[in-house]
Amino acid sequence: MWDDAFPSFLIGLREGLEAGLIVSVLIATLVRSGARARLPQVWTGVLAAISLALSFGAVLTFTAASLSATAQEAFGGALSVVAVGFVTAMVFWMRRSARTFSGEIRAKVTGALGMGAGMLIVTSFLAVGREGLETALFLWTTARAAGESAGPLTGAGIGLLLAAALCWGLYRRVLHIDLTRFFTATGAVLIVIAAGVLGYGLRDLQEGGVLPGGTSYAVDLGGSIDAGAWYSTLVQGVLNLTPTMTWLQVAGYAGYLMVVMPLFLRSSPARTTQPAPKAREAEPASPAPVRRRPVWVVPVAVVAVPAALAGVAVTLGGSRPAGAQTVAVSETDCGQGFTAPKPGRRTFRMHNTGDKTSEVYLIDPGTGAVYGEVEGLAPGTTRDLAATVAGGTYAWRCVPSTGKAVTSRAVRVTGGGGSTAAVVPVSAADLAAPLTSYTAYVDRGLATLVTQTGRLSDDVEAGRLGAARTDWLTAHRTYASLGAAYGTFQDYDQKIDGRPDGLPGGVHDKDFSGFHRIEYGLWHGESARELVAPARQLAADAAALRKAFPAQDFDPGDLPLRAHEILENTLQFELTGDADQGSGTELATADANLAGTRELLTVLRPLLTGRAPHLLPTVDTDIARLQKLLDSAHPGGSWTPVSRLDASARARLDGATGQLLEDLAPVPDLLEIRKSA
């Protein structure tokens, strides 16, 4: 939570300090002008600005909740980009204006004093309202990026409280802060944070179908970085950098930093030229007008009007679909308040009234099929679950983090016709047979790999480098066909098939080893003597992996995930040529990856057939299309390097792979192991 809190803490501190300084200047100007009686007008404007900001945040939250998952991604991505624009403009404006803005505010107040109460309210409202709207928008985007609101709201609250304390100290002249340096330093940090928000927003737009390139990855460290580790959580929470990022995300992040940061650091704060006009202290305050309405009318109105407008916007936006109902869940009582909904698309507000985090499923109590789910519903929190309801029987199943699952009473829905798609839950026991079959396949492959890497090493030692090149490709294709087990191989995968990316010495680094190290040497003119040690090490690592594999922990839940991930890596590394170290055999590796995917789908086929009968025929057609394209790049027994393919051939390969990835995307959800007890 604290990792997610830092960006919001910083924005709360900066925006709170800006707004607080403006209010302090307003109050000081009125006090020195002898117009204390008009202070309530300032606070009325401030109250209106706060009400507007809160209402704006409510509209964002509840409007987004009514959208489909794809539309939510597009909506959130667009607002993330807008938030970055606002934050960028804010840090530049404050860097330029830190020395002079108090004088500007005094001048506006002095002018407003002679124009009646309404003008003073408007002045304070406009001065504070901008900071409030910026804060609401940025908090909404950071909370969405974090996937939870507790951390960002806590950080923002602490930042605002600290800002209030600093403003009080400055007003009472017990503190002195170099505002120019403060806003420069925090502005630089915010620019880095905004770059991460921009990258996250671009990813949302890709997932929402607004921007292309959603499967073109520039960085994919998911297999080598623990996303749950403290350092990973810190980087993701503060900088919005994730282990897997598309080319568009990286380009947006790097491009924003390279353009904005130098401009910000080069821009000089505006020099104070003329002192701000001072309020005429000798001028007495204008006589108070005759009070024609109760004193509480205006403050209540400025709070009620934005709230009412927000309510209208939420209502018109359809924030809660018709038939929404709140369902209470806990470790002892699941589905309290659940009544038979009307057929159609329905949203249920799931509220955890218990003391334990729970998984919550809307199920068919007869078959256990799942219509919708909320994962990790924390105590005291409420989240929406949207599902399409047709004629049939429905119940809730709550699975607490510790303890036994609880199922609610069943309700019967009539009308609506037909039935809705549901996922029959998969248990670890269901995946036991596929895991056994695939483990046997991997074990056979590793035995073959040991023989092939031994032959490669022998040929290198004997100086038969031509034969070694053939041996290398044969052995590398064998290893590539075992893709679904890479996560199980632990450190062996880096030793056997690691790339030089990130190594200080690149291809000449002492830690560069395995297939790609030998590939570089064989196709870059290194002698047999130079390659003997890497070849021996590869053979030794392959033998050690085969010996260790039976005792390694192979999570059955990895099988459905790898059905998609093997070809994701193919699209990222092989079909871009990034993995090539000189052999030009990227398509041979892609062909082996496809064979590995086909083998994995073979063991998963019994589970998929009953759950998605139309999925496998479509996937089979996609595989055949991609296989035909790969075969056409293998004329006369030699593989065409990716770099030598013409533009249309590359586009067809990328398109066929992308289509296959899209059709494989449902597999992890269909075969996800769901808690049942």
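Use the structure listed above.
All values derive from a computational prediction rather than experimental measurement. (Residues numbered from 1 in each chain as written. Predicted model: local features only at pLDDT ≥ 70, side-chain atom pairs only at ≥ 80, totals over all residues. Heavy atoms only, no water.)

### Section: the overall build of the protein
When helices and strands are counted, the protein shows 20 helices and 10 strands. Burial status across the protein gives 48% buried among its 677 residues. Counting only carbon and sulfur atoms, one obtains 60% of the accessible surface of the protein, whose full area is about 31,300 Å². (Helix = DSSP H or I, 4+ residues; strand = E, 2+ residues; numbered from the N terminus. Buried < 20%, exposed > 50% of the residue type's maximum accessible area, 1.4 Å probe, protein only. Areas by Shrake-Rupley, 256 points an atom, 1.4 Å probe, with all protein chains shown as cover.)

### Concerning the state of the cysteines
One pass over the structure, following the stated rule, counts one disulfide. Covalent S-S linkage joins C334 and C398, the inter-sulfur distance amounting to 1.9 Å. Around the S-S axis, the bridge from C334 to C398 shows a dihedral of about 70° and counts as right-handed. Placement of C334 in the loop between β3 (325–329) and β4 (344–352) and of C398 in strand β8 (residues 392–400) is noted, with a sequence separation of 64 residues between them. (Disulfide = S-S within 2.5 Å.)

### Digging into helix α18 (residues 615–632)
For α18, with 18 residues, the first-to-last C-alpha span of 26 Å sits near the 26 Å given by 1.5 Å per residue. What α18 keeps buried is the set L615, L616, V619, D622, I623, L626, Q627, L629 and L630. For α18, the buried positions fall inside an angular range of 160° around the axis, keeping them on one side. Away from its buried face, by an angle of more than 90 degrees, α18 presents the exposed residues K628 and S632. Looking at the packing, one finds that the buried side of α18 touches α17 (586–611), α19 (647–664) and α20 (667–670). (Expected span 1.5 Å × (residues − 1). Arc of directions from axis to C-beta. Contact = heavy atoms within 4.5 Å.)

### Here we look at the pattern of salt bridges
Where charged atoms from two side chains of opposite charge come close, those side chains can pair. One pass over the structure, following the stated rule, counts 10 salt bridges. Among the ionic pairs, D620 bridges to R605, the shortest N-O distance being 3.2 Å. One end of the pair, D620, is in helix α18; the other, R605, is in helix α17, and 15 residues separate them in sequence. D620 gets classed as partly exposed once you look at its relative accessible area, which sits at 32%. (Salt bridge = Lys/Arg side-chain N within 4 Å of Asp/Glu carboxyl O.)

### So, the packing of helix α14 (residues 515–522) against helix α15 (residues 528–548)
At a closest axis distance of 9 Å, the pairing of α14 and α15 adopts a crossing angle of 155°. Classified by the angle their axes make, α14 and α15 are roughly antiparallel. You can see that α14 and α15 cross each other, and the crossing is left-handed. Here F515, R517, I518, G521 and L522 of α14 come into contact with α15, specifically with E530, L531, P534, A535 and L538. Its residues assigned to classes, the contact of α14 with α15 comprises seven nonpolar, one polar and two charged. (Axes fitted to C-alpha atoms, helices over the stretch in contact; angles between N-to-C directions. Parallel < 35°, antiparallel > 145°, perpendicular 65-115°, else oblique. Left-handed = near helix turned anticlockwise from the far one by under 90°. Nonpolar A, V, L, I, M, F, W, Y, C, P; charged D, E, K, R; others polar.)

### Observations concerning the pairing of β4
In the sheet, β3 pairs with β4 via five bridges, with the strands oriented parallel. Within β4, the position partnered with V329 by the bridge is N352. For β4 and strand β7 (residues 382–389), the ladder comprises eight bridges, and the chain directions are antiparallel. Across the sheet, T347 pairs through a bridge with A386, a residue of β7. (Pairing = 2+ DSSP bridges.)

### Quick notes on the environment of W168
Relative to the helices and strands, W168 resides in helix α6 (residues 150–171). Since its relative accessible area comes to 53%, W168 is described here as exposed. Along the primary structure W168 and L21 are separated by 147 residues, whereas in three dimensions their C-alpha atoms are 9.0 Å apart.

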